[in-house]
Amino acid sequence: MDLRRLENAKAILSKYHQEHLLNQYDRLDETGKKALLDEIENIDFDLINSLYNSTKKETKHNKDEITPIEYLDKFKLNEKYKYYENIGKKAIKEGKLAAVTMAGGQGTRLGHNGPKGTYDIGLDSHKSLFELLSDNLKEEGKKYDVTIPWFIMTSKENNKATVEFFEKHKFFGYQKDKNIFFFMQGELPMIDTEGKILIGENGLIKLAADGHGGIYESLVKNGMTKKMKQMGIEWAFIGGVDNCLVKMVDPILMGIAIDKKVTVACKSVVKANPHEKVGVFCKRNGKPNVIEYSEITEDMAEATDENGELLYGESHILCNLFSVDAIERMGANPLPYHVAFKKAKYIDKDGNLVVPDSPNAYKFEAFLFDAFGSVDEMAVLRVKREEEFAPVKNSDAAGVDCPKTARNLYKKFYNLD
Ligand code: UTP
């Protein structure tokens, strides 16, 4: 083993008071030792320090000027409906659209043992979320006589299991590296309440996916946007893996984006009630954005326009269309990280595995919508919740946004009862 590398790692760790990270070093095999040294050399410890410091401060956006954002209602477009549809259809037929599915999340709330996309929501067909999504993509592609290329973002944690699942299912008819592509998102270390980086069960640094905001950078870094351009793709619909009614191919959304010359077009569903705990589209200091429910005052949540519509009623449902150029620009600018306090297993200083029963560690995540502020204008299209939004977030015990509710919505939409 390269002793110089080990000495170098010790020096880095001592500078940042993270010496404990080598506690398990002697127990690792040669591959593990190399992997740990690689991690230590590559971690941005200054970033980790500043992220830790950020957990001590409350971020306040009080000074931000929040105003409503304009939106279009898909079902009130009247004669414009056909107009947008024709523009969108033409672009889809020309092969300009790709679908991107973000499947790198940990799915902690659902508690499924395996990547969330492999989860069977309990339909008679027992199809997984991945298969439901692929069914829809293939069905839509047929309408336009194209195969919609599919890009799937995984994390280091679930990449192997995800690709194996697809292999087992013969990629649902897709061809790997021809029209279906897998790429991994970035990761950041998890830290304890003292700012110490945790050691994972494998003796290496405990890393966690860096949030769905990692999508832009990882599409660029992994050469996916380059590939898209080589394939003549100009637009990518980016959605989550856990909405079994997601409509990734929508000529109206495409048509609006092209016609209005915007680089981002997002779908929204109207809030179920003014106090539903969802993020809603808005303008922040004049730029498109999403405001979290915790940031919005009661008056704002209830405010309506002259037609009685909520001023801040358009929920963000992770159904967003981007031009490939916009993704490249967004990928070049780092997004801020948000902090979450989570339960994380780790190896303590005596080498014992600790399985906490309450949150013990900070995880840092970038949010996809934080990049919206980098564009001047974007389009928001209100669609129908019952047609496009059936999220699988929690286990059935929660009773909301769970397999049971998603299954019922799916069955209703496809008339399966
Ligand atoms: P959520 O924010 O709901 O997270 O992800 P999650 O990981 O699925 O579930 P919890 O919070 O741990 O219970 C919304 C979408 O973004 C993807 C998820 O896979 C899901 O499709 N995502 C989230 C990523 O791809 N990477 C991430 O780091 C986080």
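In short, a report on the structure. (Residues numbered from 1 in each chain as written. Predicted model: local features only at pLDDT ≥ 70, side-chain atom pairs only at ≥ 80, totals over all residues. Heavy atoms only, no water.)

Below, the discussion takes up the packing of helix α1 (residues 3-15) against helix α2 (residues 30-42). Look at α1 against α2: their axes get within 10 Å of each other, and the N-to-C directions meet at 45 degrees. One finds that α1 runs oblique with respect to α2. Seen from above, α1 lies across α2 with left-handed handedness. Of α2, the residues touching α1 (which contributes Arg-5, Leu-6, Asn-8, Ala-9, Ile-12 and Leu-13) are Lys-34, Leu-37, Asp-38, Ile-40 and Glu-41. Each residue belonging to the contact of α1 with α2 can be placed in one class, and the counts come to 6 nonpolar, 1 polar and 4 charged. (Axes fitted to C-alpha atoms, helices over the stretch in contact; angles between N-to-C directions. Helix = DSSP H or I, 4+ residues; strand = E, 2+ residues; numbered from the N terminus. Parallel < 35°, antiparallel > 145°, perpendicular 65-115°, else oblique. Left-handed = near helix turned anticlockwise from the far one by under 90°. Contact = heavy atoms within 4.5 Å. Nonpolar A, V, L, I, M, F, W, Y, C, P; charged D, E, K, R; others polar.)

Working note: α-helix, 3.6 residues per turn, so residues spaced by three or four point in the same direction. The element helix α9 (residues 251-259) is extensively covered by neighbouring structure, given that 7 of its 9 residues are classed as buried. All buried positions along α9 are accounted for by Pro-251, Ile-252, Leu-253, Met-254, Gly-255, Ile-256 and Ala-257. The opening residue of α9, the one whose side-chain oxygen lies 2.9 Å from the backbone nitrogen of Ile-252, is Asp-250. Looking one or two residues past α9, Lys-261 carries a phi angle of roughly 55 degrees, positive in sign. (Buried < 20%, exposed > 50% of the residue type's maximum accessible area, 1.4 Å probe, protein only. Polar contact = N/O pair within 3.5 Å; in protein donor to acceptor, adjacent residues only side chain to side chain.)

Okay, the packing of helix α4 (residues 80-93) against α9 next. Between α4 and α9, the shortest axis-to-axis distance is 7 Å and the interhelical angle comes to 90 degrees. In this view, α4 runs roughly perpendicular relative to α9, as classed from their interaxial angle. Here Lys-80, Tyr-81, Tyr-83, Tyr-84, Glu-85, Ile-87, Gly-88, Lys-89, Ala-91 and Ile-92 of α4 come into contact with α9, specifically with Pro-251, Ile-252, Met-254, Gly-255, Ile-256, Ile-258 and Asp-259. For the contact of α4 with α9, the residue count by class is 11 nonpolar, 2 polar and 4 charged.

So, about a nonpolar patch on the surface. Where nonpolar side chains cluster on the molecular surface, the patch consists of Phe-413, Tyr-414 and Leu-416 and spans about 250 Å² of accessible area. On the secondary structure map, Phe-413 appears in helix α13 (residues 403-413). Assessed through its relative accessible area of 31%, Phe-413 is described here as partly exposed. (Patch = residues over 30% accessible without salt bridge, like charges linked within 9 Å, V, L, I, M, F, W, Y side chains within 5 Å. Areas by Shrake-Rupley, 256 points an atom, 1.4 Å probe, with all protein chains shown as cover. Salt bridge = Lys/Arg side-chain N within 4 Å of Asp/Glu carboxyl O.)

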